[in-house]
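Residue strings, one per chain:
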Amino acid sequence: MALIRAAAEPSASELEHEAARLADKGLAGLGYRDEELERAARLTWRINRLKKEKNAVIPAHVYQRPEILLGVADFVGDSYKLAKLGAASDAKTIVFCGVRFMAETAKILSPDKEVLLPAPEAGCSLSESITAADVRGLKKKHPGAPVVVYINTTAAVKAECDVVVTSANAPKILRKLYEKHEKAIFAPDAMMGKNLAKELGKTIGKDLIIWEGSCIVHDNFDAASVEFYRKMYPGVKILAHFECTPALTSVVDYIGGTGDMMKWVADHKASSYMLITECGLGDLARTKFPDKAFVPMCRLCPHMKAVTLERVLSALESPSASQRVEVPAAVAARALRPIERMFELADDKAAA
Ligand code: SF4
């Protein structure tokens, strides 16, 4: 008698087809072997089917694992782009492949949708470096100075501030604020604060008050090695994330957020690049620009890499209480205002 296979399992030919799809999407080029493709395919096949059945979407941050980015994500980008696209989608459920502050931002912008975080413990050293009480303390110490916080913050911290920024729009928004204010507060990323002060010609401690938070991935890259790599790979273009130290950002060819870095690579004709950031961006760049070479100098974010296909599947199949993201209504309402202010000041009203 023929065996009846479980409805949630792919047949042998479906599995083969799915593994071939993943290979073509770029996983083969990234070195996935046949058995790894088959393991991933077994999960992506089920996730993609459940996603349709449950009217769910999967936004994935560029630092996620390649099998998530290429196998199940509906949109890939930075936290800002993902929150906007999640809010604009008609889906009932958002399964956010990223870290907690990102899922919270998605929930603030999509209060009526169910937002799930596959790895509920996935935090962020930046967002954990500052609390709402810290922001209240800064405001008391510097009355009248607008409080600008990076999007990498908790909902409770956003609720205390005047405007949220991303690495892409922070210089533009701060310039606008300086038209009316002599002093501003920027939190929590000290490295980005220092890079911004340099770009805007402001004095730290006088015109720009910064908080001493840092990203565990970006704050330790060695600026001295840049010279070594330039000699080793003549003509290489070196790009660094805004969260890197000023010592490093002052010796590279371009600084920006992940979206800006990808755009810069697309717009330039050099044959080799180095992306100094989390390793996920380099993996994605290798699949998007197969004719360009990427010299590795990256570090893994343990929080981002806590998300696996198995955990995405479990969130979709039967989410645990800790995978459901909730933001208290009063906090969400206060946190929404500085996010909308970002859209206004960045001339990005459509995003709201
Ligand atoms: S890479 Fe840095 S900023 Fe991004 S989630 Fe990890 S710790 Fe946070």
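Rules used in this analysis
- Here the residue index of a chain counts from 1 through its sequence in written order.
- In keeping with the model being predicted, local features are shown solely for residues with a pLDDT of at least 70 and side-chain atom pairs are shown and tallied solely at 80 or more, while totals for entire chains, interfaces and linings include all residues.
- Only heavy atoms go into the side-chain values, all of them from the structure, while hydrogens and water stay out.
- Strands here are runs of E lasting at least two residues and helices are runs of H or I lasting at least four, both read from the DSSP assignment and numbered beginning at the N terminus.
- Throughout, radius of gyration means the C-alpha value; the globule benchmark is 2.2 Å times the number of residues raised to the power 0.38.
- The cut-offs for exposure are 20% and 50% of the maximum accessible area for each residue type, with area from a 1.4 Å probe on protein chains only; residues under the lower value are buried, those over the upper are exposed, and the others partly exposed.
- Whenever Lys or Arg places a side-chain nitrogen within 4 Å of a carboxyl oxygen from Asp or Glu, that contact is recorded as a salt bridge.
- Any pair of Phe, Tyr and Trp rings, taking the six-membered ring for Trp, is counted once the centres come within 6.5 Å. Such a pair is stacked with planes under 30 degrees apart, edge-to-face with planes over 60 apart, and tilted for the rest.

1. Topic: the overall build of the chain
Now for step 1: Counting its secondary structure elements, the chain contains 15 helices and 14 strands.
Now for step 2: For a compact globule of 352 residues, the expected C-alpha radius of gyration is about 20 Å, and the chain comes in at 21 Å, within 12% of that figure.
Now for step 3: The C-alpha extent of the chain, read off along each of the three principal axes, is 80 × 55 × 30 Å.
Now for step 4: When burial is assessed residue by residue, the chain has 56% of its 352 residues classed as buried.

2. Focus on the pattern of salt bridges
Pairing between side chains of opposite charge can happen when their charged atoms approach one another.
Now for step 1: This model, assessed by the stated rule, comprises 23 salt bridges.
Now for step 2: A salt bridge links Lys 51 to Asp 74; the nearest nitrogen and oxygen atoms lie 3.2 Å apart. Of this pair, Lys 51 sits in helix α2 (residues 34-53) while Asp 74 sits in the loop between α3 (66-71) and β3 (75-77), and the two are 23 residues apart along the sequence.
Now for step 3: What makes Lys 51 buried here is its relative accessible area of 11%.
Now for step 4: A salt bridge links Lys 139 to Glu 160; the nearest nitrogen and oxygen atoms lie 3.5 Å apart. A residue pair is termed long-range when its members are at least 10 positions apart, and Lys 139 in helix α6 (residues 132-141) and Glu 160 in the loop between α7 (155-158) and β7 (163-165) qualify at 21 residues.
Now for step 5: Look at Lys 139 and you get partly exposed, because its relative accessible area is 31%.
Now for step 6: Classification of Glu 160 as buried rests on a relative accessible area of 8%.

3. Observations regarding the packing of aromatic side chains
Now for step 1: Following the criterion strictly, the structure yields five aromatic pairs and no others.
Now for step 2: A centroid spacing of 5.8 Å and a plane angle of 50° characterise the contact between Tyr 80 and Phe 343, whose relative ring orientation is tilted. Of this pair, Tyr 80 sits in helix α4 (residues 79-88) while Phe 343 sits in helix α15 (residues 329-345), placing them 263 residues apart in sequence.
Now for step 3: Judged by centre distance (5.6 Å) and plane angle (25°), the rings of Tyr 254 and Trp 264 are stacked. Taken together, the residues span a long stretch of sequence, with Tyr 254 in strand β11 (residues 254-256) and Trp 264 in helix α12 (residues 258-267) at a distance of ten residues.
Now for step 4: Using a relative accessible area of 23% as the deciding quantity, one classes Tyr 254 as partly exposed.
Now for step 5: Put simply, the rings of Phe 228, Tyr 229 and Tyr 233 pair up and form one aromatic cluster.

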